[in-house]
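Coordinates in review
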Amino acid sequence: MLIIPIQNKPDWRRPPLVCFALILANLLVYVLYQSGDEARWQAAEEYYFSSTLPELDEARFYEFVDTEKPEWRTLAQGAGEDFMYEQLLWSREFHDWLVPQLQQEGGEAQQWLSQRQEFAQLRDSLSSFAYGLTPADPTLKGLFGHMFLHGGWDHLLGNMVFLLLFGLSVELALGAAWFLGLYLLGGLAAAGLHMGVEAGSLMPMIGASGAVSAVMGMFVAVYGIRRLRFFYTLGFAFGEFSAPALMVLPLWLGKEVFGYFFGSENIAYWAHFGGLVAGFVCTMALIRVRPSRDIHVEEDLPPTPEQLALARIESLQNHGKLLEAGQAASSALKQHPESLPLIEKSIELTGLAPKSEAHHRAWLALFALAKLPQQDFAQIAAGVETYRNKVQEPRALTPRVCLALAQRAAREKQWALVEVLLQRLQQKQQRHPLMARLANGVVEHYRRCGDEERARQALDFARALQPSAF
């Protein structure tokens, strides 16, 4: 069973750098460090079979099975030598059972012991033994190192995809420092529960799954009762559903419990369970402590009337109904005169008839946005230049519009555009007290730039402007 959100989008104005850094760290560890495991294992295996260990270990292995692992008898009989040599090479339990006996025996067993210890040293240089988390023998490097190791490309990419899906939104909501801290804390909690359940096990655990599960728990805590859209798979069935984020937590937890009893033995289900719970609980505590304004959660609101109108226009356009699309754009623009997407769509559709009144009205709607302080003026300024170059007579640049644009351009320090607009006003034989002030601003701009020739021309132009009725 798989359940993932399909609607949360990151805010690229504040990119999730920690999330990307964690992904990069995992990739680099796998490529630059774990890629050497094959050579390490080959060296250990060659040493083992070139020594006298295979003959010496075999008799003791059957004794170990009879006394310590009677459940292995059926496996040993069915798989034969393949099973036996797999355990002789990999089993730390057999090694830890055998070494004390050889130490007590002394004498000729010392050479056997020496070979066993040298082989164990070569085997334990593998990444999973060196930095994996062994429940029976936990170390500090294992507690942190296991989060950055993986058993293969499929294991690595699976974890990184989930980290990307959930980490982008969580880091945006909590902030980089808290995200990193809770990621590591969740990984440690996952390791703690795994060690509690698998106490005494000598099988090392590796993988970022516990920490990534913590991020999933953090995601649920951040979004709480907000309804989100999720994609699910259940066997061969798949689809989408909408539900409060909080509802998927018991589904994820139930999946891990089910997997522990009925799933693969090679998956640390309780580490996933512990990560989910730790991520959720710690984030809920953080949300209670921090002011709500410090938690940035992207709301999934229903489409606005403006978005619905734009979707209808684009649908008509995509079906080749350009006339209907143009009419729909004009109608929508009357209802939403300050909508930049609708204005741009109207300009695009009416551009098929650049001499039409509708085309000029669309440009006029764009220029009217200059009066809105929150509107980015760069798009408007670019629109003025495009409009002047595309049409023979820019009727939308009326005297009143030119003056308003010139005032906004002056506030934005776009003096070249101010000069262009003032020249158009002069061509239309317009006069206004503001024109001389704006022209003086152009003069000062050229003087600051050290362009005395342009400054002199602008000064002559400013002196020629005489205020009169507008």
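Preceding this paragraph is the structure being described.
Here's a quick rundown of the structure. (Residues numbered from 1 in each chain as written. Predicted model: local features only at pLDDT ≥ 70, side-chain atom pairs only at ≥ 80, totals over all residues. Heavy atoms only, no water.)

1. Points about the overall build of the chain
A count of helical and extended segments in the chain gives 23 helices and three strands. Against the 2.2 N^0.38 benchmark of 23 Å for 470 residues, the chain shows a C-alpha radius of gyration of 35 Å, more extended than a compact globule. Projected onto the principal axes, the alpha-carbon positions of the chain cover approximately 115 × 55 × 45 Å. Each of the 470 residues in the chain was classed as buried or not, and the buried ones make up 45%. Of the contacts made within the chain by residues no fewer than 6 positions apart, 69% connect residues no fewer than 24 positions apart. With an accessible surface of roughly 25100 Å², the chain has 57% of that area assigned to carbon and sulfur atoms. (Helix = DSSP H or I, 4+ residues; strand = E, 2+ residues; numbered from the N terminus. Rg over C-alpha atoms; globule rule 2.2 N^0.38 Å. Buried < 20%, exposed > 50% of the residue type's maximum accessible area, 1.4 Å probe, protein only. Contact = heavy atoms within 4.5 Å. Areas by Shrake-Rupley, 256 points an atom, 1.4 Å probe, with all protein chains shown as cover.)

2. Some points on the packing of helix α21 (residues 415-427) against helix α23 (residues 452-464)
Remark: α21 packs on α23, axes separated minimally by 12 Å, with the N-to-C direction vectors making an angle of 40 degrees. As α21 packs across α23, the resulting crossing turns out to be left-handed. The segment α21 lies against α23, with E419, L422, Q423 and Q426 engaging R454, F461 and A464. Considering only residue class, the contact of α21 with α23 consists of three nonpolar, two polar and two charged. (Axes fitted to C-alpha atoms, helices over the stretch in contact; angles between N-to-C directions. Left-handed = near helix turned anticlockwise from the far one by under 90°. Nonpolar A, V, L, I, M, F, W, Y, C, P; charged D, E, K, R; others polar.)

3. Here we look at the side chain of S346
Structurally, S346 can be placed in helix α17 (residues 340-350). With near-sequence residues (within four places) excluded, S346 lies in contact with A329, L333 and A362.

4. Some points on the pairing of strand β3 (residues 237-244)
The side chains of a regular strand alternate between the sheet's two faces. The sheet contact formed by strand β2 (residues 227-234) and β3 spans eight bridges and is antiparallel. Counted as the bridge partner of F231 is E240 from β3. Between β2 and β3, which follow one another and run antiparallel, lie two residues, and G235 among them has a positive phi close to 65 degrees. (Pairing = 2+ DSSP bridges.)

5. As for a nonpolar patch on the surface
On the surface, L24, L28, V31, L32, W153 and L157 cluster together into a nonpolar patch covering about 590 Å² of accessible area. Mapped by element, the contributors of at least two residues to the nonpolar patch are α1 (17-33) and α10 (153-174). Looking at the element boundaries, L28 is found in helix α1. (Patch = residues over 30% accessible without salt bridge, like charges linked within 9 Å, V, L, I, M, F, W, Y side chains within 5 Å. Salt bridge = Lys/Arg side-chain N within 4 Å of Asp/Glu carboxyl O.)

6. Details of unusual backbone geometry
Phi at K413 takes a positive value of approximately 65 degrees, unusual for a residue other than glycine. Here K413 lies in the loop between α20 (399-411) and α21. In this structure K413 comes out as exposed when scored by relative accessible area, which is 59%.

7. Quick word on the sheet that holds β2
Note: strands within a sheet are paired through backbone hydrogen bonds, in either parallel or antiparallel orientation. One open sheet holds the three strands; their spatial order is β1-β2-β3, and the pairing between them is antiparallel. The open sheet is flanked by β1 (2-5) and β3, the only strands paired with a single partner. Ignoring strand direction, the axes of neighbouring strands in this sheet form an average angle of 25 degrees. Helix α13 (residues 248-262) rests against β1, β2 and β3 of the sheet, and its axis sits at about 145 degrees to β1.

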